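Below are the chains, spelled out letter by letter.
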Amino acid sequence: MLLVHPITEVVKFIPVLIGSVILGTSSGNHVWSIIPITLIVGFALTRWFTTTYRVGPTHVELRTGLVQRKKLSVPRSRIRSVDIEADLLHRVLGLAVLAIGTGQQADSGEKFKLDALNARVVPQLRTALLAHTAGSAAQDEERTELPEKADSGFATARTPVREIGHWKPGWVRYAPLSLTGFAIIAPIVGVAFQYGLGEIVFRSDAVQNVENGSALVLAIAGAALLLTVVIVVSASSCAHYLATYFGLRVTDNGKTMQLRHGLFTTRQITLDLARLRGATVKEPLLLRLAAAAQLEAIMTGENPRQKILPQAPRGAIERTLSHLLAPKALRDNGISTTSKGAASGTRQLDSPASCPATDAGARSDAAPNVPATAGTRSDNAPNGPTTGREAQSDAVPSNPATGAEALSEAALSTPAQRPVTIRDAQSSSAPGSAPLTSHGPAARRRRYTRALLPLVVVAVVLIGSSLAGIDYSPWWWLVPGLPIPIAIALAEDRYRGLGHTVLPATATTPTWLITRSGSLDRERDCLEAPGVIGWTVRQTFFQRRAGLATVVAATAAGKKRYSVVDIPFDAAWELIEAVTPGQLGAR
């Protein structure tokens, strides 16, 4: 444990150490090279000797500092996440870093982290710290079991864990279809050019020979340069993808969702499902062309946009999304399991039958429409009322003994008492695959106007120049002419990506607001109505002329603002009333 802090601090101060070595060598006094590293190692050792923590029955305390003592105390009832991280050094030494989160943003100096803990103690410690979040679910399902660990002394709760997503090596092929590689390479190239690399390259004999060659040589050189950039950027993207998401596994125990991933630095992230308000499917253009996407969870508090799945096939995204947004009763039983999975309690995702296709138009009208209203819960209250999804689904008894495929369909006294079955899941529109309502011809005209207007302005300038007697090359007409097909295709794709829908509340699910927009960077947001805390209807000058408006749903989760862009003005108020009945009031 004593090695971790000195090595970490030495790595941080490498530039200082290099400067001290240069200073000691140039002055002939090598003491200057020893003093900095001695101070750094000594400071790191004092951090280890002066850091203590205590896990009490009600609070977790952390004391740090030598000259300035600091004490952090967190009530155990406020703990919402316990994440585990271990870089290569920690893994070699059998250690780990445990970070405690309360669902609120914290400054870097106020984060509760326990560094260099014994890796064998960390899992039991995390389970004990999160026992209060899983306690109610364990009692409801009569599966609470608290054995005492002799080696750690922490009580742990054993609850069934279902795998709802896992990484596959073939997903690496989607890594180059994002800008991650370019974001890695561009700063390195910029720094290199800042220190004179560009001057060396452009003065080299190879570049001079290319500049003095024919147009064919220049074209070949340009193509080779472009191919080199693509290869380097793609390789960087794949390396980053492997290092970050290797071995990704997403599990759900009914109250918390856990993510584990990493090649060199392993991370275990715990998310409290009570703070889940929906999910976002990100579909950039290149990923969309490859039938792939990314999945993010919409959460309140810390890490409001936690990535659940990186670049992955659309089928894998839909399977994880359907489980994530499913009613609690279906999540607990599993939408579809094989005989082996049913016996072990593990959700099977590889089989196509594990996520039955949903028919958007086959939602049962017999299900009672119980609209969920905003303002009935507080997102900031850690132990406050449950969300609409939990409140409605908790009233539905499940039948875990028989599995999801054999759920009883016996008629009960009221619809709210009838168990949730596979037939119900198939007859209701899933938020992740529900069809969207288009925004009409006015929104289409607005897309085309915004795409073609800059080209029209350039053409008008050229015509005005001709009428004014200004001579210019006819090649200038390629500036507004060549981009026209691209602009038309972009406008049409932006319109096709524009849409929204509202899924009414049922006996087992809250009301869902689904909205999608964008072309080059398209996002489909699935937001549950109980998470909406306010509305804004916005109209620009041109939107008023077109009879359109942008409706913004305010929430404490995710990116805080979720917009329904260019919706017909009259439909804006209907949308608000459908999502949050009664909140609109008199206009």
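Residues numbered from 1 in each chain as written. Predicted model: local features only at pLDDT ≥ 70, side-chain atom pairs only at ≥ 80, totals over all residues. Heavy atoms only, no water.

In terms of regular secondary structure, the chain is built from 21 helices and 19 strands. Evaluated residue by residue, the chain yields a buried proportion of 42% over its 587 residues. Sequence-distant contacts, at least 24 apart, represent 58% of the contacts inside the chain between residues at least 6 apart. (Helix = DSSP H or I, 4+ residues; strand = E, 2+ residues; numbered from the N terminus. Buried < 20%, exposed > 50% of the residue type's maximum accessible area, 1.4 Å probe, protein only. Contact = heavy atoms within 4.5 Å.)

In this section: the packing of helix α1 (residues 4–12) against helix α2 (residues 14–27). At a minimum axis separation of 5 Å, α1 and α2 run at an interaxial angle of 70°. In terms of orientation, α1 and α2 fall into the roughly perpendicular class. Taking contact as the criterion, the partners of Val10, Val11 and Lys12 in α1 are, on α2, Ile14, Pro15 and Leu17. In terms of residue class, the contact of α1 with α2 is built from five nonpolar, no polar and one charged. (Axes fitted to C-alpha atoms, helices over the stretch in contact; angles between N-to-C directions. Parallel < 35°, antiparallel > 145°, perpendicular 65-115°, else oblique. Nonpolar A, V, L, I, M, F, W, Y, C, P; charged D, E, K, R; others polar.)

Let us now look at the environment of Thr550. With respect to the secondary-structure elements, Thr550 resides in strand β18 (residues 548–555). Taking the C-alpha atoms as reference points, Thr550 and Gln539, eleven residues apart in sequence, are found 6.4 Å from one another. Those residues within four positions of Thr550 in sequence are excluded, and the remaining contacts are Thr536, Val537, Arg538, Gln543, Ser563, Val564, Val565 and Asp566. A polar contact of 2.9 Å, which involves the side chain of Thr550, links it to the side chain of Gln543. (Polar contact = N/O pair within 3.5 Å; in protein donor to acceptor, adjacent residues only side chain to side chain.)

Take the packing of helix α17 (residues 440–467) against helix α19 (residues 483–496) next. Put simply, α17 and α19 touch, their axes get as near as 9 Å, and they point 155° apart. One finds that α17 runs roughly antiparallel with respect to α19. As α17 packs across α19, the resulting crossing turns out to be right-handed. Within the contact between the two elements, α17 uses Gly440, Ala443, Arg444, Arg447, Tyr448, Arg450, Ala451, Leu452 and Leu455 and α19 uses Pro483, Ile484, Ala487, Ile488, Ala491, Glu492, Arg494 and Tyr495. (Left-handed = near helix turned anticlockwise from the far one by under 90°.)

Moving on, we come to a nonpolar patch on the surface. Taken together, Leu3, Ile7, Val11, Ile14, Ile18, Ile22, Leu88, Val92, Leu93 and Phe264 make up a surface patch of nonpolar side chains, about 940 Å² in accessible area. You can see Leu88 is positioned in helix α4 (residues 88–93). (Patch = residues over 30% accessible without salt bridge, like charges linked within 9 Å, V, L, I, M, F, W, Y side chains within 5 Å. Areas by Shrake-Rupley, 256 points an atom, 1.4 Å probe, with all protein chains shown as cover. Salt bridge = Lys/Arg side-chain N within 4 Å of Asp/Glu carboxyl O.)

Another aspect to go through is the pairing of strand β2 (residues 59–64). Bridge count between strand β1 (residues 52–55) and β2: four bridges; the pairing is antiparallel. By the bridge assignment for β2, Val55 is matched with Val60. The sheet contact formed by β2 and strand β3 (residues 70–75) spans six bridges and is antiparallel. Across the sheet, Thr64 pairs through a bridge with Lys70, a residue of β3. Connecting the antiparallel pair β2 and β3 is a turn made up of five residues, with Gly65 showing a positive phi of about 105°. (Pairing = 2+ DSSP bridges.)

Inspection of every chain in the model, using the stated rule, returns four aromatic pairs. Geometrically, the ring pair formed by Tyr241 and Tyr245 is tilted, given 5.6 Å between the ring centres and 55° between the ring planes. Of the two residues, Tyr241 and Tyr245 both sit in helix α10 (residues 215–245), four residues apart, roughly one turn of that helix. Given a relative accessible area of 2%, Tyr241 falls into the buried group. (Phe/Tyr/Trp six-rings, centres within 6.5 Å; stacked < 30°, edge-to-face > 60°.)

Moving on: the sheet that holds strand β19 (residues 561–568). Strand pairs in the sheet, formed through backbone hydrogen bonds, run parallel or antiparallel to each other. Taken together, three strands build an open sheet; the order of strands is β17-β18-β19 and the sheet is antiparallel. The open sheet has two edge strands, β17 (532–538) and β19, and neither has a second partner. Taken pair by pair, the neighbouring strands of this sheet meet at an average axis angle of 20°, ignoring direction. Pairing geometry for β18 and β19, over six bridges, is antiparallel. In the strand pairing of β19, Leu548 is matched with Pro568.

This next bit is on the confidence of the model for the chain. Overall, the predicted model of the chain reaches an average pLDDT of 75, with 70% of residues at or above 70. No element of the chain has a lower mean pLDDT than helix α14 (residues 339–344), at 35, and none a higher one than β18, at 95. In this model residues 136–157 is a low-confidence stretch, pLDDT under 50, and it forms 38 contacts with partners more than four residues away in sequence or in other chains. (pLDDT = per-residue confidence, 0-100.)

The biggest cluster of nonpolar side chains holds 37 residues, and the ones touching the most others in it are Trp171, Val250, Met257, Leu295, Ile308 and Leu309. Elements represented by at least two residues in this core include exactly α10, β9 (256–261), β10 (266–272), β11 (276–284), β12 (292–299), β13 (305–313), α12 (314–324) and β15 (512–517). Among the elements that make up this core, the one with the highest residue count is β12 (five residues). Met257 has contacts with Ile164, Val250, Thr251, Ile269, Thr270, Leu271, Leu273, Ile308 and Leu324, leaving out every residue within four places of it along the chain. One finds Leu72, Ile84, Ile100 and Leu125 within the second-largest nonpolar core, a separate group that totals 18 residues. (Core = buried A, V, L, I, M, F, W, Y, C linked by side-chain atoms within 4.5 Å.)

To continue, consider the side chain of Asn253. Note that Asn253 resides in the loop between β8 (249–252) and β9. Side-chain polar atoms of Asn253 contact the backbone nitrogen of Lys255, separated by 3.1 Å. A polar side-chain atom of Asn253 sits 2.8 Å from the main-chain amide nitrogen of Thr256.

Within the secondary structure, Thr515 is located in strand β15. In this structure Thr515 comes out as buried when scored by relative accessible area, which is 3%. A polar side-chain atom of Thr515 sits 3.0 Å from the main-chain carbonyl oxygen of Ser563. Residue contacts for Thr515: discarding those within four places in its chain leaves Gly499, His500, Glu523, Arg524, Asp525, Ser563 and Val564.

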